[in-house]
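A closer look at the structure
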There are 2 protein chains.
Amino acid sequence: MVHGAVRAELETVKAHFKKDGLRWTQQRELIVETAFLTHEHFSAEQLLELTRLRAPEATVHLATVYRTVQVLEEGGFVEGLEVEKGGRLFEHVLGHEHHDHVICLECGHISEFHDEVLEQGKEFAAKKLGFEMRRHSLRIYGSCIALARDGVCPNAPAAANKNT
Amino acid sequence: MVHGAVRAELETVKAHFKKDGLRWTQQRELIVETAFLTHEHFSAEQLLELTRLRAPEATVHLATVYRTVQVLEEGGFVEGLEVEKGGRLFEHVLGHEHHDHVICLECGHISEFHDEVLEQGKEFAAKKLGFEMRRHSLRIYGSCIALARDGVCPNAPAAANKNT
DNA sequence: TTTCGTGCAAAGTTTTTGCAGGTCT
DNA sequence: AGACCTGCAAAAACTTTGCACGAAA
């Protein structure tokens, strides 16, 4: 089930592909849909699994996921997040307000937050340097919010990936 | 030539190693010295090359660099910086004031800056979330400062690595 | 039908690991 | 001597690429 906002954005992506003479294939549609439906950060491998779950009958290959995500990133539809171990994680943008990340050093869990004061501070700092800011990434590392609150890390030591 | 500040820090690192029952070998000393003498971000491979330049007679292997950098990172003597392509870059900390990074999307050049307003903003934002901040990383991507100023990217397209 | 995309497998990168011999304490 | 390190090579983990066939325009 693809609800309104996702459907609209899907059209935008489709238009973007067509504009560049790229084809809108079954695989691409599935991958993009899945990326937009996922409210988590995902690796290429996870996105593949999620896509296959949604469409077990279709054939989708990891290489295709990589290729599609690359186009999406260039188009500004998803953003990559480099992490310390393993490869990169992605998240859709889909008109989201920019947000920063809070990463638990214990379990790898990633939370998001938005702080207007910080946003203005970045804007100002970049301007002061005469630097043309295109995008930015702030990550705060420490102990999980839930860990601090409940005394328990909801994501067990071995469960850094969570896509349910 | 190892000047004062580096020498002092070297002793600190050495003490840290010994405290943990780790040995202070010729390789480790060379690698750590080199890391502290370098005022640039370096990859493991670059650190190896720099070390070999400083001590052509010694034998140092890439695996040893990785192992040493790992210990240094755990001890808080260097910090890793995940980058979009290829592996991670490192930089020594050596009592430096914390700084943020400005990365040119054209040439990959990394500049640094420090902004007290931003620092306080991060502190405040983390506190507001009840998150225990251990460290943080802010990166602003855009066009090189020098590019904006001079109209020329000082680091030619193919020269993302610069360690002189 | 022409062009582009896909699956597959192979190659590329960067980082980690097992092992046997060498070095530090 | 004993524990820890190192170089080497092989393995791992992640991503990219060449190619022949299949799908989109």
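Just so it is clear, the structure is predicted and the values come from calculations on it, not from any experiment. (Residues numbered from 1 in each chain as written. Chains lettered and ligands numbered in written order. Predicted model: local features only at pLDDT ≥ 70, side-chain atom pairs only at ≥ 80, totals over all residues. Heavy atoms only, no water.)

1. Side note on the sheet that holds strand 5 (residues 132-143) of chain B
Applied cut-off: Two strands are said to pair when DSSP picks up at least two bridges between them. Here a helix means four or more residues in a row that DSSP labels H or I, a strand means two or more in a row labelled E, and each is numbered from the N terminus. Note on definitions: angles span 0 to 180 degrees between N-to-C directions of axes, and those axes are lines fitted to C-alpha atoms, for helices only across the stretch in contact. The contact criterion used is simple: two residues touch if any of their non-hydrogen atoms lie within 4.5 Å.
Reading across the sheet, the six strands line up as 4(A)-3(A)-5(A)-5(B)-3(B)-4(B) and stay open at both edges, with mixed pairing between neighbours. Edge strands, defined here as strands with exactly one partner in the open sheet, are strand 4 (110-113) of chain A together with strand 4 (110-113) of chain B. Going from strand to strand, the sheet's axes swing by 25° on average, the running direction of each strand aside. Relative to strand 4 of chain B, strand 3 (residues 100-104) of chain B runs antiparallel, the two sharing four bridges. Residue pairing across strands places histidine 101 of chain B opposite glutamate 112 of chain B, the latter belonging to strand 4 of chain B. Contacts between helix 5 (residues 116-128) of chain A and the sheet are confined to strand 3 (100-104), strand 4 and strand 5 (132-143) of chain A together with strand 4 and strand 5 of chain B, with strand 5 of chain A contributing the most and set at about 130° to the helix.

2. Brief notes about the relation of the copies chain A and chain B
To keep it simple, the criterion reads: Residues below a pLDDT of 70 in either copy are left out; the C-alpha atoms of the rest, at least 70 in both, set the least-squares superposition of the copies.
Aligned on chain B, chain A shows an RMSD of 0.1 Å; the corresponding rotation is 180° and the shift along the axis is 0.0 Å. Both copies of the chain, as the preceding transformation shows, are related through a two-fold rotation axis. For chain A, the minimum C-alpha distance to the rotation axis belongs to leucine 138 of chain A and amounts to 2.1 Å. Take the interface residues of chain A: 97% of them recur as interface residues in chain B, which is what a same-surface contact looks like.

3. Things to note about the protein's contact with DNA strand C
Heads up, the rule is: For this purpose, a residue is taken to be near a molecule or strand whenever a single non-hydrogen atom of the residue falls within 4 Å of it. Nitrogen and oxygen atoms within 3.5 Å of one another constitute a polar contact, given that in protein one can donate a hydrogen and the other can accept it, and given that sequence-neighbouring residues count only through two side-chain atoms.
In the vicinity of DNA strand C lie 19 residues, with Arg23, Arg28, Thr59 and Thr64 of chain A together with Tyr66 of chain B positioned nearest. Within the backbone of histidine 61 of chain A, one N or O atom sits 3.0 Å away from a phosphate oxygen of DNA strand C. Within the backbone of arginine 88 of chain B, an N or O atom sits 2.8 Å from a phosphate oxygen of DNA strand C. At the level of secondary structure, the elements contributing two or more residues to the surface near DNA strand C comprise helix 2 (26-37) and helix 4 (62-74) of chain A together with helix 4 (62-74) of chain B. In terms of residues, the surface near DNA strand C owes the most to one element, helix 4 of chain B, which gives three residues.

4. A look at the interface of chain A and chain B
The condition is simple: Here the quantity called buried area is the total loss of accessible area, with a 1.4 Å probe, experienced by two parts when brought into contact, counted for both. A pair is scored as a salt bridge if a Lys or Arg side-chain nitrogen falls within 4 Å of a carboxyl oxygen belonging to Asp or Glu.
On the side of chain B, 34 residues touch chain A, which itself brings 35 residues to the contact. The contact between chain A and chain B buries some 3200 Å² in all, and 61% of this surface belongs to carbon and sulfur atoms. Across the chain A-chain B interface, the total number found is two salt bridges. Here lysine 128 of chain B makes a salt bridge to aspartate 115 of chain A, at a shortest N to O gap of 3.2 Å.

5. With respect to the packing of aromatic side chains
Condition: Aromatic rings from Phe, Tyr and Trp, with only the six-membered ring used for Trp, were paired whenever their centres fell within 6.5 Å, and each pair was classed as stacked if the ring planes differed by under 30 degrees, edge-to-face if by over 60, and tilted otherwise. Throughout, exposure labels follow a simple rule: accessible area from a 1.4 Å probe, protein chains only, divided by the maximum for the residue type, with under 20% read as buried, over 50% as exposed, and the rest as partly exposed. Two conditions define a charge located above a ring, namely a distance within 6 Å from the ring centre to NZ of Lys or CZ of Arg, and an angle within 35 degrees of the ring normal.
Enumeration according to the criterion identifies four aromatic pairs over all chains in this entry. When the centroid spacing of 5.3 Å and the interplanar angle of 75° are considered together, the rings of phenylalanine 17 of chain A and tryptophan 24 of chain A count as edge-to-face. The same class applies to phenylalanine 17 of chain A and to tryptophan 24 of chain A, which are both buried. Above the plane of the ring of tyrosine 141 of chain B lies arginine 135 of chain A, whose end atom (NZ or CZ) is 4.4 Å from the centre.

6. So, the protein's contact with DNA strand D
Convention followed: Classes in brief: Ala, Val, Leu, Ile, Met, Phe, Trp, Tyr, Cys and Pro nonpolar; Asp, Glu, Lys and Arg charged; the others, Gly included, polar.
Every one of the 20 residues lining DNA strand D counts as a neighbour, but Tyr66 of chain A together with Arg23, Thr59, Val60 and Thr64 of chain B are closest to it. Taking the atoms of DNA strand D that fall within 4 Å of the protein, sugar and phosphate contribute 67% of them. In this structure, a phosphate oxygen belonging to DNA strand D sits 3.0 Å away from a side-chain N or O atom of arginine 28 of chain B. Here a phosphate oxygen of DNA strand D and a backbone polar atom of valine 60 of chain B are 3.1 Å apart. For the surface near DNA strand D, the elements supplying multiple residues, two or more each, are helix 4 of chain A together with helix 2 (26-37) and helix 4 of chain B. The greatest single-element share of the surface near DNA strand D, amounting to three residues, is contributed by helix 4 of chain A. Looking at the surface near DNA strand D, its residues break down into five nonpolar, eight polar and seven charged.

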